[in-house]
Every structure is written in structure tokens, then in C-alpha cells.
Amino acid sequence: MNATLIHKAAALPPRQLHLMGAGLLLIVAAALWMYVLRAPLTALRTVRAEQAQLELAGTDPRPFAAQLAVLAHDTELLAKGLGGAPAGGATQLQVRLVGELGALAQAQGVTLHGIVPVPDEMVLAFVQTGFDADVSGPYASLLAWMEAIERAQSNLAIAGFEMHPAATPGQVTMKIRIAAFRPQEGTP
């Protein structure tokens, strides 16, 4: 160091020298904490927390068995919903779907005047079984019925519709095509 700086530092009162030394030590300690110790301690805490979670989860396999059973049940329900035709073939499928459409119409306050099956069509890897239905009811009820149809089964869809005002005020008549899809024979 320079001799003049040493002479000026020696001329300071001891109290100021102690305060400057303490401030310098605090700055060094803060820098040491921020740059050297903080990150490894945080990483160590994270590793210990993960280790505790793994030890908790690894001791009891019953929750995993329960989850597996629920997933197997859900998979079975989805397979039934996407499977399409019941054991009796397309005729039983049509009868079952007509009954379900009638129940959904009644639940939504829609009047179902008639359902006519249309010929099956091949659509990609599916057979499309269709129905033309004549219905009437309030507009909101018809929309709710259409939504209920699409939510009833994963293989049902609205293929098209035409709405017209009915003779009764507040009522709407509708011709709707409802499509039920099932896999073609021999497709995986």
C-alpha cells in the first residue's frame, strides 16, 4: 500500500477503523452467503424433500394397486362405449339407440314425433348408422337435447339438422340426423 494511505488510515480514530472493518466483514459474509453457500443449501433441501417423498411412496404399494384398478375399470367402460354394436348386431344397436334418444328427449322436455333409420354408410374405418328424427320444443330445450345426445355416448354425433318455427308460439320444429359410429368388421 501507499505510505500516505497508511498514514491517513493511522490518523483515523480507532472507533471508525473498527466500524469500517465490521462493514467489510459484513460485505464479505453476505457475498459468501449469496454466491457460495445459498445455492448448495437450497439444492440439499430439495434433494432431502424428494428423498422423503420417495420413501413415503415406496413403502406401501396399495395406493398404486387402487389406481390401477380404477384405470382398468375406466378402460373397460371406454372400450364398451367405443365398441359399437352389442352382441345382437346392428338391429339391437338401432333399437337401443332409439330408446336412448327417446329417454334423452323426454328428460330435456323435447317432443319426439318420429325416428326413421337411414341406410348405413362407410366413413373411413367406421360404419355410420343414422337416424332422421322429427322433434319439436323450445329452442333452449332442443339445444340441451342435442348436447345430451353428443354426451350420452362417445360414438354418437349430430350429422346435420334443420330448424323452423312451429305453429305454436315459442316452439321450434327440427329435422335432425343423428349418427352412431361403430368400427368396421375386421378393423383393429
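Structure: above.
Residues numbered from 1 in each chain as written. Predicted model: local features only at pLDDT ≥ 70, side-chain atom pairs only at ≥ 80, totals over all residues. Heavy atoms only, no water.

Draft legend 1. Expanded view of the overall build of the protein chain. When helices and strands are counted, the protein chain shows five helices and four strands. For the protein chain, the sequential pattern of α-helices and β-strands runs α-α-α-α-β-β-α-β-β. Taken over 188 residues, the protein chain has a buried fraction of 18%. Counted over contacts in the protein chain with a minimum sequence separation of 6, partners at least 24 positions apart contribute 57%. (Helix = DSSP H or I, 4+ residues; strand = E, 2+ residues; numbered from the N terminus. Buried < 20%, exposed > 50% of the residue type's maximum accessible area, 1.4 Å probe, protein only. Contact = heavy atoms within 4.5 Å.)

Draft legend 2. Spotlight on the nonpolar core. Counting residues in hydrophobic clusters, the biggest one holds 21 residues, and the most contacted among them are Val135, Trp145, Ile149, Met174, Ile176 and Ile178. Contributing elements (two or more residues each) for this core: helix 4 (90–108), strand 2 (126–137), helix 5 (139–152), strand 3 (156–165) and strand 4 (172–183). Not counting residues up to four positions away in its chain, the partners in contact with isoleucine 176 are Phe131, Asp132, Ala133, Trp145, Met146, Ile158, Gly160 and Phe161. (Core = buried A, V, L, I, M, F, W, Y, C linked by side-chain atoms within 4.5 Å.)

Draft legend 3. Seen up close, the pairing of strand 3. Two strands pair when backbone bridges link them, and strand 3 and strand 4 are joined in this way by nine bridges, in the antiparallel orientation. Within strand 4, the residue paired with histidine 164 across the bridge is threonine 173. What sits between the antiparallel neighbours strand 3 and strand 4 is a turn of six residues, in which glycine 170 has the positive phi angle 85°. (Pairing = 2+ DSSP bridges.)

Draft legend 4. View of the sheet that holds strand 2. Spatially, the four strands line up as an open sheet ordered 1-2-4-3, and their pairing is antiparallel. The open sheet has two edge strands, strand 1 (111–123) and strand 3, and neither has a second partner. Here the strands of the sheet are splayed against their neighbours by 15° on average, with no regard to which way each runs. Across 12 bridges, strand 2 lies against strand 4 in antiparallel orientation. Across the sheet, alanine 133 pairs through a bridge with isoleucine 176, a residue of strand 4. In this fold helix 5 packs onto strand 1, strand 2, strand 3 and strand 4, with an angle of close to 170° to the strand it touches most, strand 3. (Axes fitted to C-alpha atoms, helices over the stretch in contact; angles between N-to-C directions.)

Draft legend 5. Molecular detail of the environment of alanine 144. The topology assignment puts alanine 144 in helix 5. On the basis of relative accessibility, which here comes to 27%, the residue alanine 144 falls in the partly exposed class. Separated by 34 residues in sequence, alanine 144 and valine 110 have C-alpha atoms that sit 9.3 Å apart.

Draft legend 6. A nonpolar patch on the surface, seen in detail. There is a patch of nonpolar side chains on the surface, built from Leu32, Trp33, Met34, Tyr35, Val36, Leu37, Leu41 and Leu44 and spanning about 790 Å² of accessible area. Residue position: leucine 32 is located in helix 2 (residues 14–59). The class of leucine 32 is partly exposed, set by a relative accessible area of 43%. (Patch = residues over 30% accessible without salt bridge, like charges linked within 9 Å, V, L, I, M, F, W, Y side chains within 5 Å. Areas by Shrake-Rupley, 256 points an atom, 1.4 Å probe, with all protein chains shown as cover. Salt bridge = Lys/Arg side-chain N within 4 Å of Asp/Glu carboxyl O.)

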